[in-house]
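Fold and geometry: a report
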Amino acid sequence: MPLLHRLKIYYTFLRSFYFTGSCISVCCGWLFYRWGSGILTPLLYFKLLTAAIVYYIVNRLKQREYYYYYNLGLSKLKLWAFYEFCDLFVFVLLLIAANLLPEWDTFWR
């Protein structure tokens, strides 16, 4: 299956709930920026908890849609692994950006 076709299928799966995970990541990045690295452990636990909640809710709502994705060649594991990879990637990028923001602030003064 071509890569672009597979990405469209992943997008179809993610478009209904990815905004929730992104908002949580942005909130965690902002909290990390405000309170520093001392809050990293609670943020990681919060992110894991909310990811589990999102998985449970979406799994209940999209229970019958998994057959559609399975017929297209993507298992439930592949769909959720792609979601977690994208969500973790955005989360780490936001934490890195929040860590570098104070340095950028002093650079421009």
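Residues numbered from 1 in each chain as written. Predicted model: local features only at pLDDT ≥ 70, side-chain atom pairs only at ≥ 80, totals over all residues. Heavy atoms only, no water.

Some thoughts on the pattern of salt bridges
Definition in use: By definition, a salt bridge exists where a carboxyl oxygen of Asp or Glu is found within 4 Å of a side-chain nitrogen of Lys or Arg. Put simply, DSSP H or I for four residues or longer makes a helix, DSSP E for two residues or longer makes a strand, and each gets a number counted from the N terminus. Under the scheme applied here, a residue whose accessible area is under 20% of the maximum for its type counts as buried, over 50% as exposed, and between as partly exposed, the area being computed with a 1.4 Å probe on protein chains only.
The final tally for this structure, using the stated rule, is two salt bridges. Between Asp-87 and Lys-47 there is a salt bridge, and its shortest N-O distance comes to 3.0 Å. Of this pair, Asp-87 sits in helix α5 (residues 76-107) while Lys-47 sits in helix α3 (residues 40-61), and the two are 40 residues apart along the sequence. Accessibility assignment for this pair places Asp-87 and Lys-47 in one class, buried. We note a salt bridge from Lys-62 to Glu-65, for which the minimum N-O separation is 3.1 Å. A residue is classified by how much of its surface remains accessible, and Glu-65, at 34% relative accessible area, is partly exposed.

Some points on the state of the cysteines
Rule in force here: Sulfur atoms of two cysteines make up a disulfide when they are within 2.5 Å.
Counted by the stated rule, this structure contains zero disulfides. In this structure Cys-23 is a free cysteine whose sulfur lies 6.6 Å from that of Cys-27, the closest cysteine sulfur available.

Quick notes on helix α2 (residues 18-35)
Here is the rule we go by: In this analysis, the expected span of each helix is defined as 1.5 Å times one less than the number of residues it contains. Note: the arc covers the axis-to-C-beta directions of the helix.
Over its 18 residues, α2 extends 26 Å from the first C-alpha to the last, a length consistent with the 26 Å expected when each residue adds 1.5 Å. Taken together, the buried positions of α2 are Tyr-18, Gly-21, Ser-22, Ile-24, Ser-25, Cys-28, Gly-29 and Phe-32. Buried positions in α2, seen along its axis, are confined to an arc of 160° and lie on one side of it. Facing away from the buried side of α2, by more than 90 degrees, are the exposed residues Phe-19, Trp-30, Arg-34 and Trp-35. Within two residues after α2, Gly-36 carries a phi angle of roughly 80°, on the positive side.

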